[in-house]
Amino acid sequence: MKKISKKLRSCALVLAMAFVAAGIAGCEQAPDQESDNSTEVELTSEQYVTVAEAKEQARELAGGSLDGIYFPDYIALPEGDSVSTIKLTPWHMTEDDSDKILEAVQGIWQDYGSVDWSQIEDSYTYDSPGDYYWAVEKHDEDTGRWFSYDANGFFCVNSLQGMGMLYGDSCVKSYDFEWGDEAGEDTWQLMDGECSVSEAVETVEGLLNEYLSPLEDNAFTYRVQHLYVMKNPDTGCYEYNISIGRVYEDMAVETSSHYEFNTTGQYYDVVHSGAHSIALMRHKGVLDCFNVVTRNALISIESAEEEESIISPIWAAQQIKDEIAHANRMSFSDVGLVYVLEQDNAEAEDHMQDTFQAIDDTTYLRPVWAFLATPSSSSLYSGNTQDSHGECVLVDAVTGELYHYDCTGIY
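What counts and what doesn't
Residues numbered from 1 in each chain as written. Predicted model: local features only at pLDDT ≥ 70, side-chain atom pairs only at ≥ 80, totals over all residues. Heavy atoms only, no water. Helix = DSSP H or I, 4+ residues; strand = E, 2+ residues; numbered from the N terminus. Buried < 20%, exposed > 50% of the residue type's maximum accessible area, 1.4 Å probe, protein only. Contact = heavy atoms within 4.5 Å. Areas by Shrake-Rupley, 256 points an atom, 1.4 Å probe, with all protein chains shown as cover. Expected span 1.5 Å × (residues − 1). Arc of directions from axis to C-beta. Phe/Tyr/Trp six-rings, centres within 6.5 Å; stacked < 30°, edge-to-face > 60°. Lys NZ or Arg CZ within 6 Å of the ring centre and 35° of its normal. Core = buried A, V, L, I, M, F, W, Y, C linked by side-chain atoms within 4.5 Å. Salt bridge = Lys/Arg side-chain N within 4 Å of Asp/Glu carboxyl O. Axes fitted to C-alpha atoms, helices over the stretch in contact; angles between N-to-C directions. Parallel < 35°, antiparallel > 145°, perpendicular 65-115°, else oblique. Left-handed = near helix turned anticlockwise from the far one by under 90°. pLDDT = per-residue confidence, 0-100. Lys, Arg positive; Asp, Glu negative; His and termini not counted. Polar contact = N/O pair within 3.5 Å; in protein donor to acceptor, adjacent residues only side chain to side chain.

Student: Tell me about the overall build of the chain, and name the residues and values.
Tutor: Looking only at helices and strands, the chain features 5 helices and 26 strands. Sorting the 411 residues of the chain into buried and exposed places 57% on the buried side. When contacts within the chain are restricted to residue pairs at least 6 apart in sequence, those whose partners lie at least 24 apart make up 73%. When the accessible surface of the chain is totalled, it reaches about 17300 Å², and 44% of it is carbon and sulfur.

Take a look at the structure:
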């Protein structure tokens, strides 16, 4: 696999829209998924194996330890035996075709029909020369509802009427489906009636796969990966704050934010990030708010190359042992074979680590073995979700290159 060449990142104007949600914080820290009775396993492997062999090896690692490195009982793996390296290109739609995004807004957001938007002037518009970038935003002062969308596939719909999301101390339970949690029969009382977690998941996935997937040429399936149950102290009712990710040919795209260092001066030639969208369900079966995160808006695939073999998870774990001094004291709460966004680090020449920017011509979805530790309590309590991690190791499943980060960002 050829190393990605460095290129100057092209700048694109994006719609500056503050997401009105207040942070989800204060949920109890999830217990480490490491088995209480983890056993030391003695495994060796060739560097490259088939995907089927890699999955079998990962199952052998689950719940045990290797060279003093501890693994959780559940390891996330693709459903099939196909893994690819995916070259991305910026998603773009001309203003003449903007009705296609508007149709998605109307389909996903039930409250769109509660306002006669044709009678409301745009509160914000932007048009650049050559139709490269355009954006639209509308507000209804009577109901407080608003929506916006742009040429890059970012859009937000909002029926919160200025109330925003609840603060962190309102979180009573979380479900991390990406890392093996199940909803079971759990049901919670929303503002207009009971709604099971399974019903909420089915509703969100159904809407996004019907209206968003076609905009991405049906290359991805949308999946709810994290759901947080929040209790509203004013109404006594619950609501769901939901993090949605993508799946490409049976393998998940990780949903966490930027992979980061705590101190300056540490950097790689590339940066990594997950990709996610955020939804709020305050009323059963309805998205009261949905936000396609600006930097990770809609995605276009330029090319995809299926890999005949990938890095063995046993070999990857042994690389952690060889390259990280304190590896024999590492315990990972979330481990799996997933895709992450990768692009050239624009600040590498200044010996700085940038964060992931809008998709450019150096951006890939790359398969990695992700080894992620439990985050500190401070990061759990300061973001819109608890979808963050402490110490992180990514091992590229094609090249074997290891990246060691202090944490992932919050959102």
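Student: An account of unusual backbone geometry is needed here, citing residue identities and associated values.
Tutor: For Asn218, which is not a glycine, the phi torsion comes out positive at approximately 55°. For Asn218, the position within the fold is in the loop between helix H3 (197-211) and strand E13 (221-231). Phi angles above zero are rare outside glycine, and Glu249 is one such case at about 45°. With respect to the helices and strands, the residue Glu249 is situated in the loop between strand E14 (238-248) and strand E15 (251-252). Classification of Glu249 by relative accessible area gives partly exposed; the value is 44%.

Student: Please provide a residue-by-residue account of H3, values included.
Tutor: Between its terminal C-alpha atoms H3 stretches 21 Å, which fits the 21 Å expected from 15 residues at 1.5 Å a residue. Listed in full, the buried residues belonging to H3 are Val197, Ala200, Val201, Thr203, Val204, Leu207 and Leu208. Around the axis of H3, the buried residues are gathered within 165° of arc, so they sit on the same side.

Student: Tell me about the environment of Gly144, and please be specific about residues and values.
Tutor: Note on placement: Gly144 falls in the loop between strand E7 (134-139) and strand E8 (146-150). Spatially, the C-alpha atoms of Gly144 and Gln161 are 4.5 Å apart, while their sequence positions differ by 17 residues. Ignoring anything within four residues of it in the chain, the contact list for Gly144 reads Asn158 and Gln161.

Student: Outline the packing of aromatic side chains, supporting the account with residue identities and numerical values.
Tutor: Overall, the coordinates contain 20 aromatic pairs when judged by the stated rule. Where Phe155 meets Phe290, the ring centres are 5.8 Å apart and the plane angle is 50°; that geometry is what we call tilted. Here Phe155 is found in strand E9 (residues 155-158), whereas its partner Phe290 is found in strand E19 (residues 289-292), with 135 residues between them in sequence. The two residues Phe155 and Phe290 agree in class, both being buried. Plain terms: the ring middles of Tyr268 and Tyr405 are 5.5 Å apart, the flat faces sit at 75° to each other, and that makes the pair edge-to-face. One end of the pair, Tyr268, is in the loop between strand E16 (259-260) and strand E17 (270-273); the other, Tyr405, is in strand E25 (residues 402-405), with 137 residues separating them in the sequence. The class for Tyr405 is buried, based on a relative accessible area of 0%. Across from the ring centre of Tyr364, 5.7 Å away, lies the NZ or CZ of Lys87, which sits over that ring. Its end group placed over the ring of Phe220, Arg246 keeps NZ or CZ at 5.7 Å from the ring centre.

Student: Provide a residue-level description of the nonpolar core, including the pertinent values.
Tutor: Counting 53 residues, the largest nonpolar core has Val105, Phe155, Leu212, Leu227, Tyr240 and Phe290 as its most contacted members. Among the elements that line this core, the one with the most residues is H3, at 6 residues. For Val105, the contacting residues outside a window of four places in its chain are Tyr112, Phe147, Tyr149, Phe155 and Val157. Listed in part, the 44 residues of the second largest apolar core include Leu66, Ile75, Tyr248 and Leu341.

Student: How would you summarise the pattern of salt bridges if you had to cite specific residues and measurements?
Tutor: Using the criterion set out here, one finds 10 salt bridges in the structure. Measuring nitrogen to oxygen at the nearest pair gives 3.6 Å for the salt bridge that ties Arg59 to Glu56. In this pair, Arg59 and Glu56 are both assigned in helix H1 (residues 51-61), 3 residues apart and thus about one turn of the helix distant. Look at Glu56 and you get partly exposed, because its relative accessible area is 42%. Note that Asp396 is salt-bridged to Arg366, the shortest N-O span being 2.6 Å. You can see Asp396 sitting in strand E24 (residues 392-396) and its partner Arg366 sitting in strand E23 (residues 364-372), a full 30 residues away along the chain. For the pair shown, Asp396 and Arg366 are each scored as buried.

Student: Tell me about the packing of helix H2 (residues 99-108) against H3, and name the residues and values.
Tutor: Between H2 and H3, the shortest axis-to-axis distance is 9 Å and the interhelical angle comes to 165°. When the axis of H2 is compared with that of H3, the two are roughly antiparallel. Crossing hand, H2 versus H3: right-handed. Together, Glu103, Ala104, Gly107 and Ile108 of H2 and Leu207, Leu208 and Tyr211 of H3 make up the contact between the two elements.

Student: If you had to explain the confidence of the model for the chain to someone new, which residues and values would you point to?
Tutor: Here the chain shows a mean pLDDT of 87. Residues at 70 or above account for 87%. The low-confidence segment residues 1-37 (pLDDT under 50) makes 116 contacts with residues lying over four places distant or belonging to another chain.

Student: Describe the side chain of Glu178, with residues and values.
Tutor: Relative to the helices and strands, Glu178 is located in the loop between strand E10 (171-176) and strand E11 (187-190). No salt bridge is formed by the buried Glu178; the nearest opposite charge belongs to Arg223, separated by 9.2 Å. Here the side chain of Glu178 touches His226 through a polar contact of 2.8 Å, side chain to side chain. Within the local environment of Glu178, its side chain forms a polar contact with the side chain of Thr255, the two groups lying 3.0 Å apart. Among all residues touching Glu178, those that are not within four sequence positions of it are Tyr74, Ala76, Gln225, His226, Val253, Glu254 and Thr255.

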